[in-house]
Amino acid sequence: YNEYKSYLRMKIKYLSIAIIMSCILVHESKADKPNIILMMADDLGYGDIVANNPNTPNIQRLYDSGLALTDYHSAAPVCTPSRAGLLTGRLAQRTGVIGNFYSNSVGGLPLTEKTLGNYMKNADYTTGIIGKWHLGHTTEYNPVSRGFDYWYGLPYSNDMGCSFTEPAYIKYEALSNHTCSDQANHGIPIFEDYDIQEQPANLSTLSKQYENKATTFMSDALEKNKKFFLYFPMTLVHVPLTPPQQFRGRSGEDHFGDALHEMDHTVGVMLDFIESKGIRSNTLFIFTSDNGPWERQCEYAGTAGQYKGMWQRTYGGGGSALKMTTWEGGHRVPFIISWPDVIEHGSYHGLISAFDVVPSFSKIAGFNLPNDKKFDGIVFPFLDAESQTYQDERVLFFPDYDDREIRALRWGKYKVFYGTDSAANCTSGYGTGYHYHNPALVFDVEKDPAESEPISVNQEFYSAVEEFFDDIKRSISGDNTSVVNYDKDDSVKPCCNTNHLYCSCNESFIAKAIQGI
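Only a predicted model underlies this, so the values are computations on that prediction, with no experimental measurement involved.

A. Quick look at the sheet that holds strand β14 (residues 406-411). Spatial strand order, β13-β14-β15-β16: four strands in an open sheet with antiparallel pairing. Both edges of this open sheet fall to β13 (395-399) and β16 (435-444), since each of them pairs with a single strand only. For this sheet the average axis-to-axis angle between neighbouring strands, irrespective of direction, equals 20 degrees. Where strand β15 (residues 414-420) and β16 come together, six bridges link them in antiparallel fashion. Opposite Y414, over in β16, you have D444 as the bridge partner. Along the sheet face, helix α12 (residues 459-477) touches β13, β14, β15 and β16 and points at about 120 degrees away from the line of β14.

B. Quick peek at the side chain of T115. Its place among the elements puts T115 in the loop between α4 (92-95) and α5 (116-122). The exposure class assigned to T115 is buried, which follows from its relative accessible area of 0%. Polar side-chain contacts of T115 include one of 3.0 Å to the backbone nitrogen of G117. A polar contact of 2.7 Å, which involves the side chain of T115, links it to the backbone oxygen of R146. Every residue in contact with T115, bar those within four places of it in the chain, is listed here: L87, L109, R146 and F148.

C. Focus on the packing of aromatic side chains. For the structure on display, the rule yields 28 aromatic pairs. When the ring of F164 is compared with that of Y502, the centres are 5.3 Å apart and the planes differ by 85 degrees; the resulting orientation is edge-to-face. One end of the pair, F164, is in the loop between β5 (150-153) and β6 (190-192); the other, Y502, is in the loop between α12 and α13 (507-515), with 338 residues separating them in the sequence. Here the two residues F164 and Y502 agree in accessibility, since each one is buried. If you follow K323 out to its NZ or CZ, it ends over the ring of W294, 4.3 Å from the centre.

D. Local environment of empty space enclosed by the protein. A complete count under the given rule lists seven cavities of 30 Å³ or more for this structure. In this structure, the largest cavity spans a volume of roughly 140 Å³. Lining the largest cavity are 14 residues; nearest its centre among them are L206, S207, T235, L236 and E262. Secondary structure elements with two or more residues in the lining of the largest cavity: α6 (206-223) and α7 (255-276).

Criteria and cut-off values
Residues numbered from 1 in each chain as written. Predicted model: local features only at pLDDT ≥ 70, side-chain atom pairs only at ≥ 80, totals over all residues. Heavy atoms only, no water. Pairing = 2+ DSSP bridges. Helix = DSSP H or I, 4+ residues; strand = E, 2+ residues; numbered from the N terminus. Axes fitted to C-alpha atoms, helices over the stretch in contact; angles between N-to-C directions. Contact = heavy atoms within 4.5 Å. Buried < 20%, exposed > 50% of the residue type's maximum accessible area, 1.4 Å probe, protein only. Polar contact = N/O pair within 3.5 Å; in protein donor to acceptor, adjacent residues only side chain to side chain. Phe/Tyr/Trp six-rings, centres within 6.5 Å; stacked < 30°, edge-to-face > 60°. Lys NZ or Arg CZ within 6 Å of the ring centre and 35° of its normal. 1 Å grid on protein atoms, 1.4 Å probe; cavity = no way out; pocket = protein on both sides within 12 Å on 5 of 7 lines; lining within 4 Å. Points joined across faces, edges and corners; volume = space filled by probe spheres on them.

Structure (structure tokens):
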């Protein structure tokens with residue numbers, strides 16, 4: 001108990017200093033720095049990526065030259081806070097980003113927070129984002145204002161505006177919200193830097209557009225003899241699923257299987273590109289997901305595998321225990337990292353977090369983190385001996401979605417809840433609401449990954465856990481935290497043509513869509 005208390009106090013007090021000091025271990029030579037591709041799927045579950053899955057041969061190909069992290073956790077169980085945590089390395093209680101932004105959101109990731117784009121650009125990388133941003137879409141929050149040299153993609157989720165794309169598979173949402181009609185007058189836009197290029201977006205061509213823009217971005221960087229950092233937050237497999245013709249029926253299973261094929265194809269395009277350019281061995285390539293599957297989408301959603309949150313389903317009032325919850329299935333997601341020159345193939349079973357990406361990149365790319373803020377990660381232990389000494393005693397905190405409180409944590413193999421809740425499931429909807437627990441519920445997730453039956457622990461264990469919570473609260477209260485503007489105003493909705501019902505800037509596309517051509 002005492003060694004764990006002293007460990008956590010040391011970690012919270014000195015972590016940011018340790019991260020900065022670890023940067024001196026990086027070779028200064030530009031040639032030693034890798035190109036970096038960080039691909040993140042949307043709503044992909046832990047159980048969706050399994051060995052030798054016929055729907056994902058290219059992800060298998062990535063794993064065959066990489067390392068699979070079996071106990072990796074996203075920064076939050078839902079889109080916006082997850083992305084904020086990944087790109088800043090800081091808990092939602094520090095950045096203020098506790099919930100999603102929408103098409104009429106005035107604010108975004110606070111300007112007082114720096115992103116990986118800022119850090120990597122300062123490390124002399126060319127920085128680009130291809131895909132879904134979801135951290136604010138007005139000019140000051142646009143990714144090109146936040147450290148990225150280039151952006152092509154959606155400002156928020158593909159279900160936050162209408163489109164004419166057919167077929168479009170989605171459950172439990174009014175179709176008029178997603179199919180442009182007199183009742184839905186805001187088309188989903190595609191941005192290139194600060195400008196809207198297409199509205200409403202043709203979602204069935206999105207993957208192909210992303211592939212083309214990503215390879216062009218990387219080619220341009222290589223021609224200029226620059227290292228590149230490509231952040232690639234994909235739209236797939238978030239609903240609506242809008243497969244192009246070449247992937248319809250491809251899986252021989254269902255529409256979700258087809259979406260996996262489409263997503264995997266994009267991974268293959270990225271791998272083919274870096275192999276064709278002879279840079280595969282010194283390219284760090286990460287593939288992961290922003291959060292667990294959205295169970296409310298039924299057959300159009302993935303699976304968290306064995307991480308089912310069974311206590312919630314059986315005793316906690318029902319509902320879903322996946323996306324939008326702090327059960328393992330909400331944030332325990334796939335993570336594969338490949339860097340053939342440095343990382344050996346295999347599996348790593350230690351506790352790893354999205355918050356570790358920023359400090360790890362600081363070591364790899366050679367940038368320092370600001371000393372006026374606190375960070376919540378460590379350098380990947382398989383890349384850093386000092387971090388490895390913390391691994392067996394590690395504590396991760398899991399904030400509730402849309403809540404400023406932290407009521408769940410992982411301490412090694414133990415999962416501790418002082419509060420539990422559910423999201424909507426496929427059949428019966430939401431559960432009975434939030435439940436507080438005193439004493440806390442404790443699960444051994446090594447023996448019970450489904451979180452079915454709480455275990456008994458002694459008072460010494462509870463005392464240690466309470467100290468962990470007290471310490472993180474003190475750390476946050478003493479930090480340079482940020483405030484988010486969550487106001488909404490329809491006047492900020494992106495619109496390239498205010499004279500058109502759907503904000504369309506492509507009249508010929510609209511005419512063909514309306515005529516069914």
